[in-house]
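Examination of the molecular architecture
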Amino acid sequence: MPNIAFVNGKWSRLSAAKISIEDRGFQFGDGVYEVIRTYGQEAFGLKEHLNRLKTSAGEIEIPIPYSTAQLETFIRLGCQRSKFSDTNIYIQLTRGAAPRNHPFPKTVRPTLVMTFRETIKISTEVREKGVAVISLPDIRWGRCHIKSLNLLPNIMAREAAKRADAFEALLIRDGFVTEGAGSNVFAVLGKRVLTPPVSPFLLSGVTRDLVIKLGKKAGLEMVEEQLRLQDLKTADELFLTGTTVEVLPVIALDNRSIGSGCPGKTTAILYNAFQNYVQKTS
Ligand code: PDD
């Protein structure tokens with residue numbers, strides 16, 4: 001089945017889709033995005049992702065050229081047309097094409113692009129073994145709650161992780177962990193399951209928010225609290241959350257084992273709660 005694209009109302013094969021080289025997303029990273037995945041034909045957390053797109057776009061003053069209902073229709077259509085069993089949906093909204101000049105153009109014609117590809121899943125082997133992470137200074141700007149296209153620090157951090165044979169880089173700002181380069185982070189310390197509180201320094205992940213709710217429902221003590229690198233290093237368990245990773249156990253940080261060095265029980269409870277929720281809602 002083909003990878004397909006939607007560019008300002010036009011559908012095409014992904015390989016045939018085009019935008020102007022003067023698009024401000026291309027020239028300035030002047031835009032915002034979302035990554036959504038489906039389980040079957042059901043786009044997971046669609047309302048939450050579209051709400052966040054709205055918030056991100058509002059924060060940088062880009063009008064969204066379609067209503068939420070229209071976006072939902074396009075997304076449903078894209079999934080039907082691409083016919084993947086599980087689809088990765090990328091939505092990008094930019095301030096459109098204009099001659100290169102830093103201030104906003106007088107007339108903004110936003111570009112809204114969506115791509116539909118098959119979801120690349122994390123293998124069972126990786127999930128069962130858990131992943132390694134590294135820590136790095138968080139050099140990003142102070143508005144990381146906006147899901148902006150400016151991902152250079154995230155890209156550099158992920159590449160550094162890859163070169164260290166790690167899956168993710170956890171970012172440290174002023175002594176406290178914020179999040180991963182493309183995921184949120186949780187630590188299990190005794191009976192408490194901790195994650196940094198929502199702030200302008202991290203993205204309030206759709207998966208993060210759901211995992212907090214599911215954990216509370218399961219009777220776990222879910223706490224939003226600042227965490228130091230040392231707290232992570234001495235945690236019984238660590239795990240990542242995100243659209244692409246779901247709930248993923250971390251077994252090593254900066255080359256040192258976390259807890260027993262194996263995926264932990266609490267992480268497994270939350271992973272199972274997440275999968276049960278997915279099954280019920282898709
Ligand atoms: N990233 N933090 C950052 C910096 C992220 O980029 C992401 C998601 C998350 C998790 O958010 P959510 O649970 O809503 O997916 C947290 C996407 C998947 C990406 O950029 O590819």
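Note that this is a predicted model, so its numbers are computed, not measured.

What counts as what
Residues numbered from 1 in each chain as written. Predicted model: local features only at pLDDT ≥ 70, side-chain atom pairs only at ≥ 80, totals over all residues. Heavy atoms only, no water. Near = heavy atom within 4 Å. Polar contact = N/O pair within 3.5 Å; in protein donor to acceptor, adjacent residues only side chain to side chain. Areas by Shrake-Rupley, 256 points an atom, 1.4 Å probe, with all protein chains shown as cover. Pairing = 2+ DSSP bridges. Helix = DSSP H or I, 4+ residues; strand = E, 2+ residues; numbered from the N terminus. Right-handed = clockwise from strand over helix to strand, strands pointing away. Salt bridge = Lys/Arg side-chain N within 4 Å of Asp/Glu carboxyl O. Buried < 20%, exposed > 50% of the residue type's maximum accessible area, 1.4 Å probe, protein only. Contact = heavy atoms within 4.5 Å. Axes fitted to C-alpha atoms, helices over the stretch in contact; angles between N-to-C directions.

Close contacts around the ligand come from 18 residues, with Y33, E179, V206, T207 and T243 the closest. One of the side-chain nitrogen or oxygen atoms of K147 is found 3.2 Å away from a nitrogen atom of the ligand. One of the side-chain N or O atoms of E179 is found 2.6 Å from a nitrogen atom in the ligand. Protein chains bury 89% of the 480 Å² of accessible surface belonging to the ligand in isolation.

Okay, the pairing of strand β12 (residues 221–224) next. Judged from the four bridges that link them, strand β11 (residues 192–195) and β12 form a sheet pairing that is parallel. Bridging across to β12, V193 finds its partner in M222. Handedness of the β11-helix α6 (residues 206–217)-β12 crossover: right-handed.

As a further point, take the pattern of salt bridges. The final tally for this structure, using the stated rule, is 19 salt bridges. In this structure, the salt-bridge partner of E221 is R192, at a minimum N-O distance of 3.7 Å. A residue pair is termed long-range when its members are at least 10 positions apart, and E221 in strand β12 and R192 in strand β11 qualify at 29 residues. Judged by its relative accessible area of 30%, R192 falls in the partly exposed class.

Strand order across the open sheet formed by six strands is β2-β1-β6-β5-β3-β4, with antiparallel pairing between neighbours. Strands with a single pairing partner mark the edges of an open sheet, and in this sheet they are β2 (10–13) and β4 (42–43). Sheet topology places strand β3 (residues 31–39) next to β4; two bridges connect them, and they run antiparallel. From the neighbouring strand, Y39 faces β4, where its bridge partner is E42. Sheet strands touched by helix α2 (residues 46–59): β3, β4 and β5 (87–94). Its angle to β3, the strand with the most contacts, is close to 175 degrees.

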